[in-house]
Amino acid sequence: MNKRTLAALVLLGASPLFTAARAEPVTETLEIDGEAMITEAPAPKDPPGHPFDVVKSGWLYREPDTRAMEADSFENPGMLNVEHGEEVWNTVEGEAGKSCASCHGDAAETMKGVGASYPKWNAKAGKPFDIELQINACRTAQMKAEPYKFDARDQVDLTAYIKHQSLGIPVKIDLSAGDMMSWWQTGKDRYYLRTGQLNFACASCHEKNSGNYLRADHLSQGNSNGFPTYRLKQSNLVSLHNRFRGCVRDTRAEPPKAFSDELMALEVYVAWRGEGLSIETPAVRQ
Amino acid sequence: MNRAFKRSLVLIAVFAGAPATAETAPGEVTIDDMAVAQPVTAAAGDAINGRKVFADRGLGNCLACHVNSDLKNEQFQGTVGPALDGVADRWEAAQLRAIVVDAKKVFGPETMMPGFYSLDVGVDVAEEFKDKTILSAGDVEDVVAYLTTLKGE
């Protein structure tokens, strides 16, 4: 190839040489125990500038067996964690002698829709809270119990139990509260920040290449509506910050700590990117 | 004589005491007109080892993003980049070397392809990868030698 055609190709970018075969996500509909989930939704318009027209659930990118497993809660191994989360909900702990249920009663009523609105501005803390941080706040202030350490089994399962009460409800977070917009902006900057020796940003994989295969992985838009998700590879329920850290580590970078300002900002921004999708917790992923 | 060539000559002279490892440091490689004319190490590239480096997930891991029919018994080949079948018909060796050394200097800063012999990398590099290139100079030449064997029928 001579240099001139070469330069022209690079400029055009659209030459067949440079277009990879994409495997489109499936267009099936997801019903969990007969209830319809929203797995495709028009992208949120506010603030403007969403990179996609349509946001898509990671479910659409998975293999048929994995998809089927999520559609039937008896087959979904993550439901065992949700059941354990319910036990934690009802267990008295700490010096105040209370359980979550002592104050919040029946989660099916009091927690319905709550998970779909997180992360949420917490005025007292002056930062956004996710469900995990809210649980720790209630444990320390209300129950006089120790906060959970990151990824303690009870933390992940209780989070899944609370999120599961929003099954089917579309994600919608309140960016007008407090300082949420500046956290959104910080999260956005992070999303496009290239990290590590491999020099990838979140967007390199989940925006420019969603639909492509990276080795065996069918890259999704990287939405958070299914978290905590049951990962077949790990045979366990995996928290969102664990997933974030894994994705950053895969760029050969040192990931920020769980619940650090960096990852909380990223959580706000990622939740917004997936607004309109149903909560699928516990989603099943490979 | 172009600049890159002169520089590598100087470097080879510097490393003359150990000819087997004489190599151009990542920061010293000059990409001119989307090509790196001079090999980055004195030892000739070994295509057989290059094929291994290409497939190895801890080294080139080129299959993460590229299909390559020459390695068709390797399962799971990625589609992020174009298939590399017949790639030697499309690019000369010096261009293939530039692509492997630092694809961003060839395709532009937005390309997904990492620079395999570049220290121009992302932030927060993990301790074990700090100040290291993904591939050694020898691996780069081996991969380039292998790529030049990928010709159409």
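Residues numbered from 1 in each chain as written. Chains lettered and ligands numbered in written order. Predicted model: local features only at pLDDT ≥ 70, side-chain atom pairs only at ≥ 80, totals over all residues. Heavy atoms only, no water.

Enquirer: Hey, could you run me through the overall build of chain B in this one?
Expert: Across its full length, chain B carries six helices and zero strands. Residue pairs at least 24 apart in sequence account for 50% of intrachain contacts in chain B once pairs closer than 6 positions are excluded. Of the accessible surface of chain B, which amounts to about 7,500 Å², a share of 56% is contributed by carbon and sulfur atoms. (Helix = DSSP H or I, 4+ residues; strand = E, 2+ residues; numbered from the N terminus. Contact = heavy atoms within 4.5 Å. Areas by Shrake-Rupley, 256 points an atom, 1.4 Å probe, with all protein chains shown as cover.)

Enquirer: I keep staring at the UniProt feature "domain: Cytochrome c" (unreviewed entry) in chain B and nothing clicks. Help me out?
Expert: Under the UniProt annotation, "domain: Cytochrome c" (unreviewed entry) lies at residues 45-151 of chain B. Within residues 45-151 of chain B, the helical portion is 36% and the strand portion 0%, while the C-alpha atoms at the span's ends are 17 Å from each other. (UniProt positions renumbered as here; feature names shortened; annotations may be inferred.)

Enquirer: Please explain the sheet that holds strand S11 (residues 284-285) of chain A as it appears in this structure.
Expert: Residue and element names in this part refer to chain A. As summarised here, the arrangement of the three strands in space is S10-S9-S11, forming an open sheet in which the pairing is mixed. The open sheet is flanked by strand S10 (236-238) and S11, the only strands paired with a single partner. Bridge count between strand S9 (residues 229-231) and S11: two bridges; the pairing is parallel. Bridge pairing in S11 links Arg231 to Arg285. (Pairing = 2+ DSSP bridges.)

Enquirer: Can you help me understand the packing of helix H8 (residues 180-191) of chain A against helix H11 (residues 261-273) of chain A in this one?
Expert: Helix packing geometry: the angle between the two helix axes and the distance between the axes. Residue and element names in this part refer to chain A. As a packed pair, H8 and H11 sit with axes 7 Å apart at the nearest point and diverge in direction by 95°. The angle between H8 and H11 falls in the class roughly perpendicular. Residue-level contacts link Met180, Trp183, Trp184, Thr186, Gly187, Lys188, Arg190 and Tyr191 of H8 to Asp261, Glu262, Met264, Ala265, Leu266, Val268, Tyr269, Val270, Trp272 and Arg273 of H11. Here the residues of the contact of H8 with H11 sort into eleven nonpolar, two polar and five charged. (Axes fitted to C-alpha atoms, helices over the stretch in contact; angles between N-to-C directions. Parallel < 35°, antiparallel > 145°, perpendicular 65-115°, else oblique. Nonpolar A, V, L, I, M, F, W, Y, C, P; charged D, E, K, R; others polar.)

Enquirer: Even after reading the chapter, I still don't get the packing of helix H3 (residues 78-89) of chain A against helix H7 (residues 153-164) of chain A, so can you show me in this structure?
Expert: Residue and element names in this part refer to chain A. For the pair H3 and H7, interaxial distance at closest approach is 7 Å and the crossing angle is 100°. Judged on the interaxial angle alone, H7 and H3 are roughly perpendicular. Two secondary-structure elements touch here, H3 through Met79, Asn81, Val82, His84, Gly85, Glu86, Val88 and Trp89 and H7 through Arg153, Asp154, Asp157, Leu158, Ala160, Tyr161, Ile162 and His164. In terms of residue class, the contact of H3 with H7 is made up of eight nonpolar, four polar and four charged.

Enquirer: Explain the nonpolar core here, please?
Expert: Soluble globular proteins tend to bury their nonpolar side chains together. In terms of nonpolar packing, the biggest core is built from 41 residues, with Phe54, Val100, Val140 and Leu147 of chain B touching the most fellow members. At the level of secondary structure, the elements contributing two or more residues to this core comprise helix H2 (47-55), helix H4 (93-102) and helix H6 (137-147) of chain B. In terms of residue count, the dominant contributor to this core is H6 of chain B (six residues). In this structure Phe54 of chain B touches Gly60, Asn61, Cys62, Leu63, Asn68, Leu71, Leu84, Val143, Tyr146 and Leu147 of chain B, once residues within four positions along its chain are discounted. Listed in part, the 26 residues of the second largest apolar core include Cys100, Ile131, Ile135 and Trp183 of chain A. (Core = buried A, V, L, I, M, F, W, Y, C linked by side-chain atoms within 4.5 Å. Buried < 20%, exposed > 50% of the residue type's maximum accessible area, 1.4 Å probe, protein only.)

Enquirer: Would you explain the interface of chain A and chain B in this entry?
Expert: Frequently, the measure chosen for interface size is the accessible area that the parts lose on association. Listed as interface residues are 31 residues of chain A and, on the opposing side, 43 residues of chain B. Taken together, chain A and chain B are joined by three salt bridges. For Glu74 of chain B, the salt bridge identified is with Arg215 of chain A, shortest N-O distance 3.8 Å. If you look at where chain A meets chain B, you find 17 residue pairs in polar contact (both at pLDDT 80 or more). If you list the elements that add at least two residues to the side of chain A that touches chain B, you get helix H1 (3-12), helix H9 (202-206) and strand S7 (213-214) of chain A. A per-element tally of the side of chain A that touches chain B places H1 of chain A first, with four residues. (Salt bridge = Lys/Arg side-chain N within 4 Å of Asp/Glu carboxyl O. Polar contact = N/O pair within 3.5 Å; in protein donor to acceptor, adjacent residues only side chain to side chain.)

Enquirer: Can you walk me through the side chain of His66 of chain B in this structure?
Expert: Residue and element names in this part refer to chain B. Its place among the elements puts His66 in the loop between H2 and helix H3 (87-90). For His66, a relative accessible area of 11% gives the class buried. Among the polar contacts made by the side chain of His66, one reaches the main-chain carbonyl oxygen of Pro82 at a distance of 2.7 Å. Ignoring anything within four residues of it in the chain, the contact list for His66 reads Gln77, Gly78, Gly81, Pro82, Leu84 and Met113.

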